[in-house]
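# Examining the three-dimensional arrangement
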Amino acid sequence: MQETFIDLGSWQVTDDEVLEYLHAVGDELPIYGESGIAPPLMLTAKVVGLLLDRLSLPGGAIHSLQDVETISPPRLGTVVATTVQVEPARERGGLTFLTVNYSATDAGDGSLLQRGRTTILLPAVTDGQTG
């Protein structure tokens, strides 16, 4: 099986989106508003959300691991473009491991903002079906 590349599209980092993320995680530090940057893990959450919306995963799938390297946090107003590379699935101990590498870039100048790797555990295949 070959790797699969998926374009998750682009979106603009807005003040409302940053405030919504900060509220969801309980972060009340004023640094993001004062500096005009978005929290780096907001990018991660957005990418994983877009990815999970795009993939057809069976019930019982678990987001189990996340590695993140932030090169530069995006500023408010930045348009972020994201692509992912889905590695061939691996099976071990009755579980299927699906690993996805992603990169988030500034759509304006192409500079890398963040790259990461996420692993999703899928339940064992039964009767030749995946859910």
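Residues numbered from 1 in each chain as written. Predicted model: local features only at pLDDT ≥ 70, side-chain atom pairs only at ≥ 80, totals over all residues. Heavy atoms only, no water.

### Section: the pattern of salt bridges
A full pass over the atoms with the stated rule returns 3 salt bridges. Across the pair K46 and E17 runs a salt bridge whose closest N-O atoms are separated by 3.1 Å. Note that K46 is positioned in helix α3 (residues 40-54) and E17 in helix α1 (residues 15-25), a separation of 29 residues in sequence. For R117, the salt bridge is made with E87, and the minimal N-O distance between the two is 3.1 Å. Highlighted residues: R117 in strand β6 (residues 112-122) and E87 in the loop between β3 (79-86) and β4 (90-92), separated in sequence by 30 residues. (Salt bridge = Lys/Arg side-chain N within 4 Å of Asp/Glu carboxyl O. Helix = DSSP H or I, 4+ residues; strand = E, 2+ residues; numbered from the N terminus.)

### Considering α3
An ideal rise of 1.5 Å per residue puts 21 Å on 15 residues; α3 measures up with 22 Å between its terminal C-alpha atoms. The set of residues buried in α3 consists of M42, L43, T44, V47, V48 and L51. Contacts from the buried residues of α3 go to β1 (4-12), α1, β2 (62-70), β3, β5 (95-106) and β6. (Expected span 1.5 Å × (residues − 1). Buried < 20%, exposed > 50% of the residue type's maximum accessible area, 1.4 Å probe, protein only. Contact = heavy atoms within 4.5 Å.)

### Some details on the nonpolar core
Formed by 25 residues in total, the largest nonpolar core has its most connected members in V13, V80 and V84. Broken down by secondary-structure element, the contributors of at least two residues to this core are β1, α1, α3, β3, β5 and β6. The residues contacting V80, other than those within four sequence positions of it, are G9, S10, W11, V13, L43, P74, A104, T105 and L113. (Core = buried A, V, L, I, M, F, W, Y, C linked by side-chain atoms within 4.5 Å.)

### Let's talk about the environment of T44
Tracing the sequence through the fold places T44 in helix α3. For T44, a relative accessible area of 7% corresponds to the buried category. Separated by 23 residues in the primary sequence, T44 and D67 place their C-alpha atoms 9.4 Å from one another. Excluding its chain neighbours within four sequence positions, the residues that come into contact with T44 are Q66, V68, Y102 and Q114. Among the polar contacts made by the side chain of T44, one reaches the side chain of Q114 at a distance of 2.9 Å. (Polar contact = N/O pair within 3.5 Å; in protein donor to acceptor, adjacent residues only side chain to side chain.)

### What about the environment of L51?
As for its position among the elements, L51 is in helix α3. C-alpha of L51 to C-alpha of F97: the two residues are 46 residues apart in sequence and 15 Å apart in space. Ignoring any residue separated from it by four or fewer positions in sequence, one finds L51 in contact with L8, V84, V100 and T118.

### Some points on the pairing of β6
Most of β6 sits out of view: 8 of its 11 residues are buried. Relative to β6, β2 runs antiparallel, the two sharing 8 bridges. Across the sheet, residue I62 finds its bridge partner in β6, namely L121. Taken together, the 10 bridges between β5 and β6 define a ladder with antiparallel strand orientation. From the neighbouring strand, T96 faces β6, where its bridge partner is L122. Following β5, the chain reverses through 5 residues before pairing antiparallel with β6; G110 in that reversal takes a positive phi of roughly 80°. (Pairing = 2+ DSSP bridges.)

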